[in-house]
Amino acid sequence: MPMKLFKCDETIPEREKHIYIKEKGEDTTQFLPSAHVETIPGSLSERGCSYCGAKLVIGGVLKDTIQLIHGPVGCAYDTWHTKRYPSDNGNFQLKYVWSSDMKEQHVVFGGEKLLKKAMLEAFAEFPDIKRMMVYTTCSTALIGDDIKPVVKEVEKELGDVDIFTVECPGFAGVSQSKGHHVFNMGWMTDKVGTYEPEITSPYTINVIGDYNIQGDTFVMEKYMEKMGIQIIAHFTGNGTYDSLRGMHRAQLNVTNCARSAGYIANELKKKYGIPRIDVDTWGFDYAKEGLRKIGAFFGIEDRAEAVIAQEVAKYESKLEWYKERLTGKKVCIWTGGPRLWHWTKALEDDLGMHVVAMSSKFGHQEDFEKVIARGEEGTIYIDDGNELEFFEVLEMVKPDLVLTGPRVGALVKKLHLPYVNGHGYHNGPYMGFEGAVNMARDMYNAIYSPLMKLAKDDIRGEQNKTVIPEEKRKFKESKVQQSKSVDITSTEPMPTAVNYAVLESSKFDTQPLLIPDNQPLLQENEVQQSKSIDITSTEPMPTAVNYAAVESSKFDTQPLLIPDNQPLPQRQQIGGKISAFLEQLPKYLGSFSTEYQLPIICFATIITATITVKIILAVLDVINEISQLNLVFELTGIGYLIWFVFRYLFKASTRQELAAQISFIQKEIVEGQD
């Protein structure tokens, strides 16, 4: 059977429908993995949510737009700085994140007023930015906040701003692919055709499905500029809000990532008759093919060939160098969706590598149809893979490299396997001829890194490893054995020379054996003399200082040092005791405060409260002596009581509001909630 049930999935046998191993002579269209369906309960998915697909992948890339997330601050933070989308305006979109910062009280009483306040504050903080996108999240969708009327109010109030709403909460679909679809269709319906771009070339295109990961868009712009082609809009790498509103004026849609942006390309063809061509821009052969397609459409094939010849001459020899070293290496591709079929043939044809396993988080069945058709026999294909399946696949195929995101990459590194970031790249761009070399370089560096080889060595069993130079480790076994038994009651004087010996001991089995470079090794007679040392002897010590580190059950963590045995004057002894006491005083105080922490706090609280009450009583006595203030306070109290009764107690609705506020305050004080 080509469909495969992994051992880790025995408790969820439905996973068999999502895993396929390509075999010879099969009609692969009959064995496509189930895709774009809900994650099976019990399977630890690596997918992102629908909101993430709209904001993180598409909208958040625009370089001149405030991206306001209406929801808890975590929804904003988790989709900020997780992708590498640079821009040519100082990376405005990477520097800031905006959120309405909903709390529990807003979930209870509604968050529309909070949203309007946040929108006005955002425009006020960035007066030069006149464009905004507002996203709903799970919490705001569940309570029914209607954001479109709020957006219209803000647009009417400010006058010169334009705002796009994205109503795609995280639970809206089975994966981030739903967010792609909602954003594409919403933009097509609400914004395309509302702006007229300036046309500067007889050849105009929209670049769709390219998000400028580490500068991919800049590579494409360079090629189009050399061919004399104007890019009306980037959807959405290094793109602007208004340029996307003018997409209807392009003559051709060049679609790179069909899964995330194919929807709007199809709609532009339906509504405006703009044709669509799909290109692969990763790898030498694919880059050549893509440029030739674009050149053929406009009848400027000669310009396309000139760009190809220039780029190939510049980068082909570099790619060949890496190909010699990467040929035959096995690689797994575990990314979002279309990268599987973009990269498979590029790695195999350009570099001679073997793609042995692929996994898609949000790909559809047509994506698997493309990648399986391009893949080799024996390759494993997984939809919505989980961590346990990844571990089992790694054991099966034993790859040399994994192309995946940082989340799975962290797991892969723990198995001492190299990985390259397939989502945000390591050192991009990866697009085009230049990018193919960059990608090959990163894979080469990962596979051949000496650090990865060192990580594979298990040193836990090497307990007596030494760092002494070889010539200083030539102790004879007999000498070491002689030095292992030491009598500390001997009265023999120490030798005059300074000697060190770190002896072999089971109690020092984790420490390296170190001998100072400038000291001679012990001779046999010196070892014999160091066997018996009396640290209580009253005989005067030799003029030179002598040391011997010996094996002892009582001094298992410190070497035994023989001090000068001359008696100290009584005054110095008393001073030493006082000094030792002062050194230990902070420790004693710390121990005392830790042991009696609760009584100390209680005592301090009582003293503080008593002083505070006395101060308040004294202030009140002074106030009571002023006759006019008594009347003012009484009238104020009566007036507030009358207001409180009319405000909260006459109507049932106001009594409910009062109860809700009391409950909220109680939670803040008792439970410590915001």
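Coordinates for the structure precede this section.
Calculation criteria
Residues numbered from 1 in each chain as written. Predicted model: local features only at pLDDT ≥ 70, side-chain atom pairs only at ≥ 80, totals over all residues. Heavy atoms only, no water. Helix = DSSP H or I, 4+ residues; strand = E, 2+ residues; numbered from the N terminus. Buried < 20%, exposed > 50% of the residue type's maximum accessible area, 1.4 Å probe, protein only. Contact = heavy atoms within 4.5 Å. Areas by Shrake-Rupley, 256 points an atom, 1.4 Å probe, with all protein chains shown as cover. Phe/Tyr/Trp six-rings, centres within 6.5 Å; stacked < 30°, edge-to-face > 60°. Lys NZ or Arg CZ within 6 Å of the ring centre and 35° of its normal. Pairing = 2+ DSSP bridges. Right-handed = clockwise from strand over helix to strand, strands pointing away.

### What to know about the overall build of the protein chain
For the protein chain, the helix and strand inventory stands at 25 helices and 14 strands. Counting only residues that meet the buried cut, the protein chain has 44% of its 674 residues in that class. Sequence separation of at least 24 residues holds for 73% of the intrachain contacts in the protein chain that already meet a minimum separation of 6. Roughly 35900 Å² of accessible area belongs to the protein chain as shown, and the carbon and sulfur atoms make up 56% of that amount.

### Some words on the packing of aromatic side chains
Under the criterion given, the structure shown has 30 aromatic pairs. Arranged with centres 6.1 Å apart and planes meeting at 40°, the rings of Y96 and W98 form a pair that is tilted. With 6.0 Å between their ring centres and 90° between their planes, W643 and Y648 make a pair best called edge-to-face. In this structure an aromatic cluster arises from ring pairing among F164, F183, W187, F235 and Y241. Between R325 and the ring centre of W321, over which it is positioned, the NZ or CZ distance is 3.6 Å. The side chain of R647 reaches across the aromatic face of Y648, ending 4.5 Å from its centre.

### Describing the pairing of strand 8 (residues 252–255)
Going residue by residue along strand 8, you find L252 and V254 tucked away on one face and N253 and T255 tucked away on the opposite face as well. Here strand 6 (residues 204–210) runs beside strand 8; their pairing, made up of four bridges, is parallel. Each residue of the ladder has a partner; that of I205, found in strand 8, is L252. The pairing of strand 8 with strand 9 (residues 276–278) spans three bridges and is classified as parallel. Note that in strand 9 the partner of N253 across the bridge is R276. Remark: the strand 8/helix 11 (residues 258–272)/strand 9 crossover connection has right-handed handedness.

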